[in-house]
Amino acid sequence: MLNELCTRLAAQDAVLVSIEATQGSVPRGAGAWMAVFADGVLNTIGGGHVEFQAIDAARKRLAGLPGDNTLRYTLGPSLGQCCGGAVHLRLERVTAADIPALEARLATRLTPVALFGGGHVGKAMVKVLGLLPFAVTWIDSRDEIFPPDVPANVQCEHSDPVQGAVKQLVPGSRVLVMSFSHAEDLDVVAACLARLRQHDDLPTIGLIGSATKWATFRHRLQERGYADAELARITCPIGLPGIHRKEPEVIAVGVAAQLLQLETSSQP
């Protein structure tokens, strides 16, 4: 979205509408933004009448008409929204000269995810994670497995043996293990546990599979010297509980939702 904003700004000015502060229940939080051009709107601050009114105010600024650069809306019956909160908006005209500052200011912090496995579920995961605020390193021992086009936030990496990539993961990576081979899965999980012993910098390690698969893995990892407290760091099966369908796309949505849920719960 930011790349599209910068591309369009190179050709025409816009008014950037951003949420400076919120109170109570609101559709989107502080930092959300939209860019209003003469011929279109990019991104959203939450929709509804507040967004319509903000677009109207921004278009007036583009036309050179006077008006306040800060707006406050209470989300009550008068706006047809019953959230009950309030939003404070800032309007600012931006041009091509502002692109470097906007790139620094609006860049989304992407959470690192290491995805091991390029099979059907792995491919479905990439499609879903490509739409979300994650920086994905997609790893497989088969170099030819990766498609020619992947989302901008996905980087493909060939690693043979596949578990060798674990040492190079960005600290804080959320790890998803779903290779074509149970033997590879076991080696990747073991490598993650070894890294946890040294650095304790992988917040989430998820392994695709059933409770039966995890029971087998648990026994083999115990034989490699890992204690129950260490094995408790592994999540298997992965995905939100209660979703029983097995299509790759369904699994991918459930796993992505679980990652987002864990992300939210870890925020202060």
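Above this text you will find the structure in question.
Keep in mind the model is a prediction, meaning the values are calculated, not measured.

Rules behind the numbers
- Residues numbered from 1 in each chain as written.
- Predicted model: local features only at pLDDT ≥ 70, side-chain atom pairs only at ≥ 80, totals over all residues.
- Heavy atoms only, no water.
- Core = buried A, V, L, I, M, F, W, Y, C linked by side-chain atoms within 4.5 Å.
- Buried < 20%, exposed > 50% of the residue type's maximum accessible area, 1.4 Å probe, protein only.
- Helix = DSSP H or I, 4+ residues; strand = E, 2+ residues; numbered from the N terminus.
- Contact = heavy atoms within 4.5 Å.
- Pairing = 2+ DSSP bridges.
- Axes fitted to C-alpha atoms, helices over the stretch in contact; angles between N-to-C directions.
- Phe/Tyr/Trp six-rings, centres within 6.5 Å; stacked < 30°, edge-to-face > 60°.
- Lys NZ or Arg CZ within 6 Å of the ring centre and 35° of its normal.
- Parallel < 35°, antiparallel > 145°, perpendicular 65-115°, else oblique.
- Left-handed = near helix turned anticlockwise from the far one by under 90°.
- Nonpolar A, V, L, I, M, F, W, Y, C, P; charged D, E, K, R; others polar.

Formed by 27 residues in total, the largest nonpolar core has its most connected members in Phe116, Leu169, Val175, Leu193, Leu207, Trp214 and Leu221. Breaking this core down by element, the ones donating at least two residues are strand 6 (111-116), strand 9 (174-177), helix 5 (182-198), strand 10 (204-207) and helix 6 (211-223). Element by element, the count of residues in this core is highest for helix 5, at 8 residues. If we ignore the near neighbours within four places in the chain, the residues touching Trp214 are Leu207, Leu221, Leu231, Ile234 and Cys236. Grouped together as the second largest cluster of nonpolar side chains are 23 residues, Val113, Val136, Trp138 and Ala256 included.

What follows is about the sheet that holds strand 4 (residues 70-74). The strands making up a sheet associate through hydrogen bonds between their backbones, and the pairing can be parallel or antiparallel. Taken in spatial order, the 5 strands make up an open sheet running 3-2-1-5-4, and their pairing is antiparallel. Of all strands in the sheet, those bounded by a partner on one side alone are strand 3 (40-43) and strand 4. Neighbour to neighbour, the strand axes of the sheet diverge by 25° on average, direction disregarded. Summarising the sheet, strand 1 (residues 14-23) and strand 5 (residues 86-94) pair through 9 bridges and their orientation is antiparallel. For Ala14, the partnering residue across the bridge sits in strand 5 and is Val94.

Read across the open sheet, the 6 strands follow the order 8-7-6-9-10-11; overall the sheet is parallel. The open sheet has two edge strands, strand 8 (154-158) and strand 11 (234-235), and neither has a second partner. Its contacts with the sheet place helix 4 (residues 120-129) against strand 6, strand 7 (134-140), strand 8 and strand 9, and it is angled at close to 165° to strand 7.

It is worth spelling out the packing of aromatic side chains at this point. A full pass over the atoms with the stated rule returns 1 aromatic pair. Aromatic side chains Trp138 and Phe146 sit 5.2 Å apart centroid to centroid with 70° between the ring planes, which places their arrangement in the edge-to-face category. Residue Trp138 shares its accessibility class with Phe146, and that shared class is buried. Sitting over the ring of Phe37, Arg8 keeps its end group 4.3 Å from the ring centre.

When two helices pack together, you describe them by how their axes are tilted relative to each other and by the distance separating the axes. It is the contact of helix 1 (residues 2-9) with helix 3 (residues 99-106), at a shortest axis distance of 11 Å, that shows an interaxial angle of 165°. As judged from the angle between their axes, helix 1 and helix 3 are roughly antiparallel. By crossing handedness, the relation of helix 1 to helix 3 is classed as right-handed. Along its contact with helix 1, which presents Leu2, Leu5, Cys6 and Leu9, the element helix 3 presents Ile99, Leu102, Glu103 and Leu106. For the contact of helix 1 with helix 3, the per-class residue count stands at 7 nonpolar, no polar and 1 charged.

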